[in-house]
Structure formats: C-alpha cells, structure tokens
Amino acid sequence: MAVIGIDLGGTKITGALFDETGKILYRVSHLLEKRKGHEVGLLVLHLFDELIKQSGYRRDAIGALGICVPGIANRKTGHIWAPNIEGWENYPLQKEMEEHFSNSKIIINIASDRTCYILGEKWKGVAKNATNAIYISIGTGIGAGLLIDGNIVHGHGDIVGAAGWLAMETPFLEEFGRYGCFESYASGDGIARQAKKILKEGRLFRESLLHGKEIDSLSSKDIFDAFYKNDPLAVSIIEKAIDLWSIAAANLVSLLNPEMIIWGGGVFGPATQLIDRIYEKASGWAQPVAIKQVKFEKSTLQGNAGLYGAGYLALTSIIKQQQS
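Treat the numbers as computed from the prediction; the structure is a model and nothing was measured. (Residues numbered from 1 in each chain as written. Predicted model: local features only at pLDDT ≥ 70, side-chain atom pairs only at ≥ 80, totals over all residues. Heavy atoms only, no water.)

J.: Break down the overall build of the protein for me, with residues and values.
T.: Counting secondary structure elements, the protein contains 11 helices and 12 strands. Relative to the 2.2 N^0.38 estimate, which gives 20 Å for 324 residues, the radius of gyration of the protein is 20 Å and therefore close to what a compact globule would have. Considering only C-alpha atoms, the protein reaches an extent of 65 × 45 × 30 Å along its principal axes. Across the 324 residues that make up the protein, the buried fraction comes to 53%. When contacts within the protein are restricted to residue pairs at least 6 apart in sequence, long-range pairs at least 24 apart make up 62% of them. When the accessible surface of the protein is totalled, it reaches about 15500 Å², and 51% of it is carbon and sulfur. Mean positive and mean negative side-chain charge positions of the protein (34 and 35 charges, respectively) differ by 3 Å. (Helix = DSSP H or I, 4+ residues; strand = E, 2+ residues; numbered from the N terminus. Rg over C-alpha atoms; globule rule 2.2 N^0.38 Å. Buried < 20%, exposed > 50% of the residue type's maximum accessible area, 1.4 Å probe, protein only. Contact = heavy atoms within 4.5 Å. Areas by Shrake-Rupley, 256 points an atom, 1.4 Å probe, with all protein chains shown as cover. Lys, Arg positive; Asp, Glu negative; His and termini not counted. Charge placed at Lys NZ, Arg CZ, Asp CG, Glu CD.)

Listed below in structure tokens is the structure:
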C-alpha cells in the first residue's frame, strides 16, 4: 500500500509517493505560475496523475491522498481559505477531490500547512518522540502547529494556530487588522515591510547598507544579510523580531507546557543561529518551571515538513479507517 502527499504553497506545489514506512518513492514539483481558482484545483489533480504515471504504480494501489494547504482547511465544510491563492477564499477542494475520485476507494484528507508541519516533524523529524510539541513557522506569515498530549489541536473552525494575529503590543495599528500584530513585525514579509517603511519615510539610519538597494525589492534575506554585518537599521528591525519571537514562545510555553518548540519556515533559515538567544529571552517571560522543561529546536525537515506531513495525514487516515 502506498499513499500520496501533496504540499500546496502560494507559489509552488510538490507531491510525493510514499510507501508505508515513509520512504519517498517518487517526487514531482511545479510552479503555480499565476494560476487561480479552479486552475489550481486542476493542478492538484494533474500532480496526482503525474505521480501515478511516472512512478509506474497502479492507481488502485494508492490507499489515500493527503493535501497540505496554505491557509485554513475546515474539516466540517471541506472548504479552504488560502489568501495567497486568488479565488480560494472559500474553495470547495474536498468536494472537488471526492468527485474526481468517486469511482475509487482513495481516502482524501486535507489539512492546514501548520498542522502538516507538526505532523511531518512528528513522523520523520525532530519531534519523533514528543507528545507535546509546537511547530512555529516563520515565513511569509506566521503559524503554529500544535501537538498536545499526543493529539493535533484543531479548534472550532480549524483556525487554531493563527499565531500571526497574536496581540503583542499597543496601540493598535491599522496594519494589524490585515496582517496581525506579531506577523507585522516578525514574519519574513513583515520584516521586509518594516525596512521599506523606514527607508521610505527617510527616518535616520542614513549610514545603513540598505540605502543602496532598490527599496521595493527588499526581502527579509537582505535584512538578515545586513543584520549579520551589524547594519544599524537591520539590527533594529531584527532585534524587534527577536523580542517578539521570544515573547510569543514564552506565552505558548506558559499556556501549553510543551516539551519542544520547533522553529521552521523560510526565516529559520537565516535566523536559525538566533534560537539560543530567543530561548534566553523567552526564559525571562515564561512560567519558570515550564521553560526549563522545554527545548527550542530547529526544524530538521525544513521545506519538506509540509510534504511529509501530507504523507502522514494520508497514512494515518487509512489506519483510522481500518480501526473504525
């Protein structure tokens, strides 16, 4: 028995055929290339068919399909909210997949990226032996996948883990309504936006290396490159992010008492070497006993966490069906 996992992002889609041990037997990727709405749904189906054809597996040998999506996957409605994919504000992906596979016994399971990240790390990553772990993804946005007492936490509408909206300071700014307070300062896009805003306003930092770059093309990578050269503007922005990462982690430790917090996403990455500093700062904010029980770790799967999580989602859906 084999399963297929598909990791759908805002710009790229990757799929893999897994055996029951979690070994990847075949893998393919495509760029979304500005596809939107139903075009993206068709690409998911195309990727499935491509994996079957090129791997040489029979279609009826595939027991389940797991899909990782960049947003909210509502298990009650089967609809997806994915703000980085145009036309996916309330997209009926579950129904579309079930209709396509109506003549087969393939089980279809869809989950948010943050859920899949923690599932991937639990299956094949640093959280293998954990029962209480949190995956904090810092990329374009910020999300948290929660494994508590051995179970994935979903919440009423599967919105749990929208950590970018953690309220972390006052006064309220208009941009917090769109991005969330935490995300506005400490996501990859938020870090870049803060630099652009300061440079466009012409506030101080005339000696910054960032003044020599095209402002609108600045990325978080540019800010980190300048930070590690002790650039004053970059240091002010990244130090703010470090403070907020530390406070957010401390809050999660105090609230949920995890044994592990895993840092992943594109920003970690260049911020990986800051994890010890984040723990040190978090120790000042967190519940003092709980913070001594937790380890801060980098993701060992990195960009593959969602893909492995989708594969594990598929595999466990077969196991649950067999047990019911």
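And the narrative resumes.
J.: Any details on the nonpolar core? Residues and values, ideally.
T.: Ranked by internal contacts, the top residues of the largest apolar core, which has 52 residues, are Trp245, Ile261, Trp263, Phe268 and Phe296. With 14 residues, the top contributor of residues to this core is helix 8 (residues 232-256). For Trp263, the contacting residues outside a window of four places in its chain are Ile136, Ile138, Trp245, Ala249, Phe268, Ile275, Ile278, Phe296, Glu297, Lys298 and Ser299. (Core = buried A, V, L, I, M, F, W, Y, C linked by side-chain atoms within 4.5 Å.)

J.: A description of empty space enclosed by the protein should follow, citing residues and the corresponding values.
T.: Here the structure, examined in full by the defined rule, presents 1 cavity of 30 Å³ or more. Taken as a whole, the largest cavity spans an internal volume of roughly 80 Å³. If you go around the largest cavity, you meet 13 residues; those closest to its centre are Ser112, Thr115, His154, Asp158 and Val160. (1 Å grid on protein atoms, 1.4 Å probe; cavity = no way out; pocket = protein on both sides within 12 Å on 5 of 7 lines; lining within 4 Å. Points joined across faces, edges and corners; volume = space filled by probe spheres on them.)

Just geometry here; none of it tells us what the structure is for.
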